[in-house]
Amino acid sequence: MHMVRKILPVALVALLAASSAWGDEPYSASQAETSLLRRATSSAQAAVSSTTNRINSLLDKSMSFLGIRYRSGGNGPAAGGFDCSGLVKQVFGDALGVNLPRTAAGMAQLGDKVSGIQDLKPGDLVFFNTMSRAFSHVGIYVGDNRFIHAPSTGSVVRVEQMDTDYWRKRFNGARRLVPEAQAFEMRPVERDLSVQGE
């Protein structure tokens, strides 16, 4: 919807400017112009809806793994748990059909660089230096200054605040693998994790 709000005024200004070339006659949109505007608006709404669905699918899939234990080298519940990159690889594979590299450092080479924490969008990958080397830990930004990740031995997949001293000092940067995430309006989303159909 955000994209539509940006495109619609530009389209209207262009149409009005074109009509002013014919003098002082009042503007009256032809059927063709009206149809074109409706199609452009509909396409923009569909693109935003598709993007929102992709991001929501990604976030829902990541939340479905909350509480799964950490396991070094782990690729999922069947393997006894996840490590950080195993979680991210599984989420992107299941939700979007994207085959990511197996390591956080490999993932850090993909997508578009996000300028800073203030520019993060849900679905962005966030990287941290937790082992005295850059990009040694990865999580998925979920919005509201929070990220989901598989932290370390003895813990489970969980959501944490990025503005704690520990994570803030270790933040290495972020990458946007879903460019359309820019169109996703950041708002707190209530996720119903109960079983459907009961």
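All values reported here derive from a predicted model rather than from experimental measurement.

Draft legend 1. Molecular detail of helix α3 (residues 84-96). Taking 1.5 Å per residue as the helical rise, α3 with its 13 residues ought to reach 18 Å, and the 18 Å between its terminal C-alpha atoms agrees with that figure. Regarding α3, the residues found buried are C84, S85, G86, L87, V88, V91, F92, A95 and L96. Just beyond α3, the residue with positive phi is G97, at close to 70°.

Draft legend 2. A look at the sheet that holds strand β6 (residues 146-149). Across the sheet, which stays open at both edges, the six strands sit in the order β3-β8-β4-β5-β6-β7 with antiparallel pairing between neighbours. Two strands lie at the open edges of the sheet, namely β3 (112-114) and β7 (158-161), each paired on one side alone. For this sheet, the mean inter-axis angle between neighbouring strands, taken without regard to orientation, is 40°. With four bridges joining them, strand β4 (residues 125-128) and strand β8 (residues 171-176) adopt antiparallel strand pairing. Looking at the pairing, F127 lines up with G173 of β8. Seen against the sheet, α3 touches β4, β5 (137-143) and β6 and runs at an angle of roughly 50° to β5.

Draft legend 3. Inspection of the pairing of β8 at higher detail. One ladder, built from three bridges, connects β3 with β8; its direction is antiparallel. Across the sheet, residue D112 finds its bridge partner in β8, namely R176.

Draft legend 4. Spotlight on the packing of aromatic side chains. Tallying each qualifying case throughout the model produces seven aromatic pairs. Plain terms: the ring middles of F127 and F135 are 5.7 Å apart, the flat faces sit at 85° to each other, and that makes the pair edge-to-face. For F127, a relative accessible area of 0% puts it in the buried group. Taken together, a centroid distance of 4.8 Å and an interplanar angle of 65° make the contact between F128 and W167 edge-to-face. Separated by 39 residues along the polypeptide, F128 in strand β4 and W167 in helix α5 (residues 165-170) bring together distant segments of the chain. A relative accessible area of 0% means that F128 is categorised as buried. Ring pairs connect the aromatic residues F128, F147, Y166, W167 and F171, which therefore count as one cluster.

Draft legend 5. Fine view of the pattern of salt bridges. All told, the structure shown has five salt bridges when counted by the stated rule. Residues R176 and D124 are paired through a salt bridge, measuring 2.8 Å at the closest nitrogen-oxygen approach. Of the two residues, R176 is situated in strand β8 and D124 in the loop between β3 and β4; the sequence distance between them amounts to 52 residues. Just as R176 is buried, D124 falls in that class too. Among the ionic pairs, E160 bridges to R158, the shortest N-O distance being 3.0 Å.

Draft legend 6. How the structure looks around the layout of surface pockets. When its volume is computed, the largest pocket comes out at roughly 360 Å³. Lining the largest pocket are 22 residues, with C84, T130, M131, S136 and H137 positioned closest to its centre. By residue class, the composition of the lining of the largest pocket is ten nonpolar, eight polar and four charged.

What counts, and where the lines are drawn
- Residues numbered from 1 in each chain as written.
- Predicted model: local features only at pLDDT ≥ 70, side-chain atom pairs only at ≥ 80, totals over all residues.
- Heavy atoms only, no water.
- Helix = DSSP H or I, 4+ residues; strand = E, 2+ residues; numbered from the N terminus.
- Expected span 1.5 Å × (residues − 1).
- Buried < 20%, exposed > 50% of the residue type's maximum accessible area, 1.4 Å probe, protein only.
- Pairing = 2+ DSSP bridges.
- Axes fitted to C-alpha atoms, helices over the stretch in contact; angles between N-to-C directions.
- Contact = heavy atoms within 4.5 Å.
- Phe/Tyr/Trp six-rings, centres within 6.5 Å; stacked < 30°, edge-to-face > 60°.
- Salt bridge = Lys/Arg side-chain N within 4 Å of Asp/Glu carboxyl O.
- 1 Å grid on protein atoms, 1.4 Å probe; cavity = no way out; pocket = protein on both sides within 12 Å on 5 of 7 lines; lining within 4 Å.
- Points joined across faces, edges and corners; volume = space filled by probe spheres on them.
- Nonpolar A, V, L, I, M, F, W, Y, C, P; charged D, E, K, R; others polar.

From the geometry alone we can't say anything about function, so treat these as descriptive.
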